[in-house]
Amino acid sequence: MMGNKTGFLFLYLALVVLLGCHKGPEDKTIRLAHGLDVNHSVHLAMVKMGEDLEAISDGKLSIKIYPNQQLGTERECLELLQIGSLDVTKVSGAVMENFSPRMRVFGLPFLFRDRQHAFNIFDGSLGRELLEDCKKFRLRGLGYYDSGSRSFYTKDKPINAPDDLKGLKIRVQESKTAIDMVRQLGGSPTPISWGEIYTSLQQGVIDGAENNPPSFYLSRHYEVCKYYTLDEHTIVPDVLVAGTHLWNRLTEKEKEWLNTVVKNSISYQRKLWQESEREALEEVQKAGVKIIRPDKQLFIEKINTVYDNYRQDKEIDELIKKIQSTH
């Protein structure tokens with residue numbers, strides 16, 4: 001669980017909020033928390049999911065959304081799911097790997113040929129298999145939202161090639177694969193929670209970070225970082241996760257309703273995402289950010305040894321082969 005007093009205090013306060021909203025076994029309000037801005041495509045898709053769920057169930061099921069890390073970080077929300085104090089959350093696949101280890105394969109750099117290849121995996125049998133893995137940890141994966149491609153952004157030094165990362169402190173998620181990747185490229189990986197990035201950039205605790213265009217824009221990190229290098233090193237999905245306690249108390253019809261609205265929500269979000277990427281890149285350029293499109297092959301060649309390390313794990317090696325052989 002959390003390793004400091006602040007984390008325990010936050011978890012305690014979140015529990016107070018959630019328990020205050022809980023009406024008992026008959027309650028059919030699904031409590032959903034996430035860390036994103038209310039203008040983010042994932043949040044908008046969740047709002048639609050709630051509207052669709054009320055409509056399809058004739059009001060028997062509804063969703064209460066807590067955005068903007070109101071109930072904690074992604075890791076803390078997963079822990080709330082595990083103890084039954086929260087019903088659903090959205091987390092990055094990079095955070096999910098700490099709870100469902102095989103999912104760390106998604107964090108490997110340049111794993112997918114393109115976005116469609118990634119969708120074929122997420123929506124296919126392998127993606128469903130990895131969602132099923134979550135049940136071992138009192139979690140139930142529901143589906144994958146589009147989170148685009150992650151790229152580097154920096155304050156003072158443009159990244160044109162991997163060597164430019166040498167000596168730079170780069171914020172990463174709590175993900176071993178992300179840490180290994182940045183270290184292999186020559187940077188100094190620094191795990192920091194999402195809500196602390198802006199001030200950490202301002203204060204010089206870190207020199208940069210890596211994320212997709214909408215997150216770079218909506219977080220306003222572009223106000224501090226004026227270089228955005230579109231190396232697109234990873235395509236890590238956002239994962240919609242429920243607690244098994246929620247799933248077990250739903251009837252078969254209610255499960256069917258929930259699966260239907262989740263599927264529609266994912267389709268809707270992926271359409272919104274395409275537009276939000278275009279808007280984000282346009283807006284950050286207007287704000288003075290220099291967009292750099294590097295030779296990706298330089299980055300691909302630099303991280304080959306990362307794959308060597310992960311291929312020593314037979315399960316991960318098998319997943320890599322399956323993904324790379326899927327069209």
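Cut-offs and rules
Residues numbered from 1 in each chain as written. Predicted model: local features only at pLDDT ≥ 70, side-chain atom pairs only at ≥ 80, totals over all residues. Heavy atoms only, no water. Helix = DSSP H or I, 4+ residues; strand = E, 2+ residues; numbered from the N terminus. Buried < 20%, exposed > 50% of the residue type's maximum accessible area, 1.4 Å probe, protein only. Polar contact = N/O pair within 3.5 Å; in protein donor to acceptor, adjacent residues only side chain to side chain. Contact = heavy atoms within 4.5 Å. Phe/Tyr/Trp six-rings, centres within 6.5 Å; stacked < 30°, edge-to-face > 60°. Lys NZ or Arg CZ within 6 Å of the ring centre and 35° of its normal. Pairing = 2+ DSSP bridges. Axes fitted to C-alpha atoms, helices over the stretch in contact; angles between N-to-C directions. Right-handed = clockwise from strand over helix to strand, strands pointing away. Salt bridge = Lys/Arg side-chain N within 4 Å of Asp/Glu carboxyl O. Parallel < 35°, antiparallel > 145°, perpendicular 65-115°, else oblique. Left-handed = near helix turned anticlockwise from the far one by under 90°.

A. Seen up close, the side chain of His233. Mapped onto the elements of the fold, His233 is located in strand E9 (residues 227-234). For His233, a relative accessible area of 1% translates into the label buried. Among the polar contacts listed, one links the side chain of His233 to the side chain of Glu210, at a separation of 2.8 Å. One polar contact links His233 to Asp231, side chain to side chain, over a distance of 2.5 Å. Dropping the residues within four chain positions of it, His233 is found in contact with Leu108, Pro109, Phe110, Arg150, Ser151, Phe152, Met181 and Glu210.

B. Quick look at helix H5 (residues 115-122). Of all eight residues in H5, six are buried, a share of seventy percent or more. Taken as a whole, H5 has its buried residues at Arg115, His117, Ala118, Phe119, Ile121 and Phe122. In this fold, the buried residues of H5 make contact with helix H6 (125-133), strand E4 (139-145), helix H11 (252-286) and helix H14 (314-325). By the N-cap criterion, in which a side-chain oxygen at the helix start approaches the backbone nitrogen of a residue two or three places on, H5 is capped by Asp114, the distance to Gln116 being 3.2 Å.

C. Local environment of the packing of aromatic side chains. Evaluated as defined, the whole model comprises ten aromatic pairs. Their ring planes at 85° and their centres at 5.1 Å tell us that Phe106 and Phe122 sit as a pair that is edge-to-face. You can see Phe106 sitting in the loop between helix H4 (93-96) and H5 and its partner Phe122 sitting in helix H5, a full 16 residues away along the chain. On the accessibility criterion, Phe106 (0% relative accessible area) is buried. Members of the aromatic cluster, each reached through a chain of ring pairs, are Tyr153, Phe216, Tyr217, Tyr222 and Tyr228. The ring centre of Tyr66 lies 5.6 Å from the NZ or CZ of Lys64, which sits over that ring. Above the face of the Phe119 ring, Arg270 is positioned so that its terminal group lies 4.2 Å from the ring centre.

D. Highlighting the sheet that holds E9. Sheet architecture is open: six strands sit in the order E7-E6-E8-E5-E9-E11, paired in mixed fashion. Two strands lie at the open edges of the sheet, namely strand E7 (188-191) and strand E11 (290-292), each paired on one side alone. Within this sheet the neighbouring strands show an average axis-to-axis angle of 30°, counted without direction.

E. Structural detail: the sheet that holds strand E10 (residues 238-243). Spatially, five strands are ordered E2-E1-E3-E10-E4 in an open sheet, and the strand pairing comes out mixed. At either end of the open sheet lies a strand with only one pairing partner, and these are strand E2 (62-66) and E4. Averaged over neighbouring strand pairs, the angle between their axes works out to 25° when direction is ignored. Where strand E1 (residues 29-33) lies against E2, five bridges are found, and the strand directions are parallel. Bridged to Thr29 within E2 is Ser62. Helix H2 (residues 41-56) rests against E1, E2, strand E3 (88-92), E4 and E10 of the sheet, and its axis sits at about 160° to E2. Packing of helix H3 (residues 74-82) onto the sheet brings it into contact with E1, E3, E4 and E10, and relative to E3 it is tilted by some 145°.

F. Representation of the pairing of E2 in the model. For E2, the buried fraction is high: four of the five residues fall into the buried class. Handedness of the crossover joining E1 and E2 through H2 is recorded here as right-handed.

G. Quick peek at the pattern of salt bridges. According to the stated counting rule, one finds 30 salt bridges in the structure shown. Between Glu174 and Arg75 there is a salt bridge whose closest N-O contact spans 3.9 Å. Residue Glu174 is located in the loop between strand E6 (169-172) and helix H7 (176-184), and its partner Arg75 is located in helix H3; the two are separated by 99 residues in the primary sequence. Of the residues examined, Glu174 reaches a relative accessible area of 44% and is grouped as partly exposed. Connected via shared salt-bridge partners are Arg102, Glu129, Asp133 and Lys136.

H. How the structure looks around the packing of H2 against H11. Direction vectors running N to C along H2 and H11 enclose 150°, while the axes themselves pass 8 Å from each other. By the criterion of interaxial angle, the relationship of H2 to H11 is roughly antiparallel. Of the two elements, H2 crosses H11, and the hand of that crossing is right-handed. On H11, the residues that touch Ser41, Val42, Leu44, Ala45, Met46, Lys48, Met49, Asp52, Leu53 and Ile56 of H2 are Trp257, Leu258, Thr260, Val261, Val262, Asn264, Ser265, Tyr268, Gln269, Leu272, Trp273 and Ser276.

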